[in-house]
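# Reading the structure
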Amino acid sequence: MNHFSIPVVGDAQTYIAANENERAQKQGSVWKKRIGITLLTLLVCAMLAPILLGWAGNIWIDEKKLAALHDTKAAVYVKLDEMPDYMWKAFVAIEDHRFMQHGGVDPVALARALWIDISEGGYVQGGSTITMQLARNLFLTQDKTMLRKVKEMAIAMQLEQRYSKKELLEMYLNIIYFGHGKYGIEEASAFYFNKSAKDSGNGAVTLGEAAILASLPKAPENYSPVKHWQNAKQRQSIVLNRMAQLDVINQAQKQQALAEAIKVSKPVKPAS
């Protein structure tokens, strides 16, 4: 007769608990390895992303267009030193106030734009820096796609490696679209105010006028002072308030600019 022993209840419970504990330890070890591999992968991607984007940006840049833009001998090209300081500072304040700190892509602005887009359930903000806008307007289309955004970032990072902040801002101001078929700060100044961005003294573009010009890149047709004066004034106020918040101008200068009697040179009559 074969004899076998039957474990008592206490021994069986101990055996089962030991197996479950061993299984839990193995599962925990597996998850730790997976988490470690994931974090390592993310770290490597974070380190390689700027390199890969910079390399891709170099491919997507049209060298001929870049060379043509950088020809500062063109009559309508305005250098930063030729315009009043408050003119270019207005654009930096409202479009990209961290322009001097980032490397072409502003993670904070992108994260904020992504959150707003998710909250609104659509493409509301793009989080583009001045350098990214330069890249888009010079080399890309205005299509709101993920691929275009990636190209925009890649080209911006490459441009930041090639040029100084002063050069980038200068190029941006000379190509940005201001509405009514006008590109660049010189054409815009002439069209809207019958002035040259290079003028100084009494003939210079005023702070109030500069704030209106700086309001246009966001939506040129909607904020055009020759078509929608009230919209233009509301946006001008936002620009001036932002400049004051960043201590680019003081409160007295802001109030004086808001009170300016601005004369638009080419008012467009509404269709009857």
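Residues numbered from 1 in each chain as written. Predicted model: local features only at pLDDT ≥ 70, side-chain atom pairs only at ≥ 80, totals over all residues. Heavy atoms only, no water.

### Observations concerning the packing of aromatic side chains
Spelled out, the test is: Only centres within 6.5 Å qualify two rings of Phe, Tyr or Trp (six-membered ring in Trp) as a pair; their planes then separate them into stacked at under 30 degrees, edge-to-face at over 60, and tilted for everything else. Helix and strand assignments come from DSSP, with helices taken as H or I runs of at least 4 residues and strands as E runs of at least 2, each series counted from the N terminus. Residue exposure (1.4 Å probe, protein chains only): buried if accessible area is under 20% of the type maximum, exposed if over 50%, otherwise partly exposed.
Applying the stated criterion across every chain yields a total of five aromatic pairs. Pairing F91 with F178 gives two aromatic rings, centres 6.0 Å apart and planes at 85°, and the pair type is edge-to-face. Linking F91 in helix α3 (residues 85-95) with F178 in the loop between α7 (165-175) and α8 (185-193), this pair joins segments that are 87 residues apart in sequence. You can call F91 buried: its relative accessible area is 0%. Accessibility expressed as a relative area gives 0% for F178, which makes it buried. Here the aromatic rings of Y177 and Y183 are separated by 4.7 Å at their centres, their planes lie at 45°, and the arrangement is tilted. Assessed through its relative accessible area of 25%, Y177 is described here as partly exposed. Taking the relative accessible area as the measure of exposure, Y183 reaches 46% and is therefore partly exposed. One aromatic cluster is present, formed by F91, Y172 and F178 through successive ring pairs.

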